[in-house]
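So you can see what is in the structure, the chains are spelled out below.
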Amino acid sequence: MSVSILKVLNLPGWNYKISYEGVSILAPTKRDATDLAQSYGEALSETAAKIKGKVRIGWRRCKQPIEFYGWMARAPEETAKNILRSGGSVFCSQLQVPVDLLCRMVNAAENERPISIVREDNRKQIIINQPMADMLDTPPEVAIQRVMSRFWLPEDLAQLEQKLRENSQITWTYSAGLNERSWAILTTHFEIFEVEGTWYRQGTCLSTPKLVPIPPRAFAPA
């Protein structure tokens, strides 16, 4: 690992160990872990490549650590194409994927809950995991091309975006379209984040969808 990373890891409250699986880092808080990942993502993925293992960043009571793998050190375009070809549990329509967004893709792939990531500038859903594809009952290659404003009532989407401007993370119960044939009540944890100047919205569904009648104004053109 680089000298700058080691300086951080030697600060009070930090700990790390090396095993046959790779490097495990224990951060003082989730915020510290996130800051380390965002500041040194490239160096951490290069470390994973050198040791032919992974670098895991956790924190106290952490349920989902941040993980870096050697393949993240490759060109983002190559990595995204490999993910798309893998037939695995995460799907992405964006071929130029920054490392921080790749980390979220890996976490989504390993998560049992339905997860999607939407670009805020065009409201296009660009990433989903397999549980989300199953919940939407939609082929992944279709779901990752959707402009999501079409699957919301305008006033509900405006309320969500207002809430996220006031607080970067919220849990909210609302109704939205799963696909062109069904509408449901959902409870989702939303988080807005920035990667290299672009804002994204991640949604992690926390409930089983409850189907309701499709509202008369639903599925308006995006």
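No experiment lies behind these values; they were computed from the predicted model shown.

A. A look at the nonpolar core. In this structure, Ile 128, Met 135, Trp 152, Leu 160, Trp 172, Tyr 174 and Phe 190 are the most contacted members of the largest nonpolar core, which totals 22 residues. Listed by contribution, the elements that provide at least two residues to this core are helix 5 (130-136), helix 7 (154-166), strand 8 (169-179) and strand 9 (182-195). Considering each element in turn, this core owes the most residues, five residues, to strand 8. Contacts of Phe 190, omitting those with residues within four sequence positions, involve Trp 152, Leu 160, Leu 164, Ser 168, Gln 169, Ile 170, Trp 172, Tyr 174, Arg 201, Gln 202 and Gly 203. Ala 33, Ala 37, Trp 59 and Phe 68 belong to the second largest nonpolar core, which has 19 residues in total.

B. Examining the environment of Thr 208 more closely. Tracing the backbone through its elements, the reader meets Thr 208 in the loop between strand 10 (198-205) and strand 11 (210-212). Of the residues examined, Thr 208 reaches a relative accessible area of 70% and is grouped as exposed. Through-space distance from the C-alpha of Thr 208 to that of Thr 187 is 8.2 Å; in sequence the pair is 21 residues apart.

C. Here's a closer look at the side chain of Thr 198. Turning to its location among the elements, Thr 198 is positioned in strand 10. Setting aside residues no more than four positions away along its own chain, Thr 198 makes contact with Arg 119 and Phe 193.

D. Summary view of helix 4 (residues 99-110). With 12 residues, helix 4 extends 17 Å from end C-alpha to end C-alpha; this agrees with the ideal 16 Å at 1.5 Å per step. Taking burial as the measure, the 12 residues of helix 4 include nine buried ones, the bulk of the element. The complete set of buried residues in helix 4 reads Val 99, Leu 101, Leu 102, Cys 103, Arg 104, Met 105, Val 106, Asn 107 and Ala 108.

E. View of helix 2 (residues 30-51). The end-to-end C-alpha separation of helix 2 is 25 Å, well short of the 32 Å expected for 22 residues at 1.5 Å each. Roughly 85° is the biggest bend found in helix 2, and it falls at Tyr 40. Where helix 2 is concerned, the buried positions are Ala 33, Thr 34, Leu 36, Ala 37, Gly 41, Leu 44, Ser 45, Thr 47 and Ala 48. Elements that come into contact with the buried residues of helix 2 comprise helix 1 (3-9), strand 2 (22-27), strand 3 (54-59), strand 4 (66-69) and helix 4. The first or second residue beyond helix 2 is Lys 52, which carries a positive phi of 55°.

F. Just the pairing of strand 3, in detail. Burial within strand 3 is extensive, with five of its six residues counted as buried. Where strand 2 and strand 3 come together, six bridges link them in parallel fashion. Among the inter-strand pairings, Val 23 is bridged to a residue of strand 3, identified as Val 55. Sheet topology places strand 3 next to strand 4; four bridges connect them, and they run antiparallel. By the bridge assignment, Ile 57 is partnered in strand 4 with Ile 66. Hairpin remark: strand 3 followed by strand 4, antiparallel, with six residues in the connecting loop; positive phi at Arg 61, about 60°.

G. The sheet that holds strand 1 (residues 15-19), seen in detail. The sheet built from four strands is open, its strands ordered 1-2-3-4 with mixed pairing. The sheet is open, and its two edges are formed by strand 1 and strand 4, each paired on a single side. Across the sheet, the mean angle from the axis of one strand to that of its neighbour is 15°, orientation sign disregarded.

Calculation rules
Residues numbered from 1 in each chain as written. Predicted model: local features only at pLDDT ≥ 70, side-chain atom pairs only at ≥ 80, totals over all residues. Heavy atoms only, no water. Core = buried A, V, L, I, M, F, W, Y, C linked by side-chain atoms within 4.5 Å. Buried < 20%, exposed > 50% of the residue type's maximum accessible area, 1.4 Å probe, protein only. Helix = DSSP H or I, 4+ residues; strand = E, 2+ residues; numbered from the N terminus. Contact = heavy atoms within 4.5 Å. Expected span 1.5 Å × (residues − 1). Bend = angle between axes of the 7 residues up to and from the residue. Pairing = 2+ DSSP bridges. Axes fitted to C-alpha atoms, helices over the stretch in contact; angles between N-to-C directions.

Any functional reading would require information beyond the geometric quantities listed.
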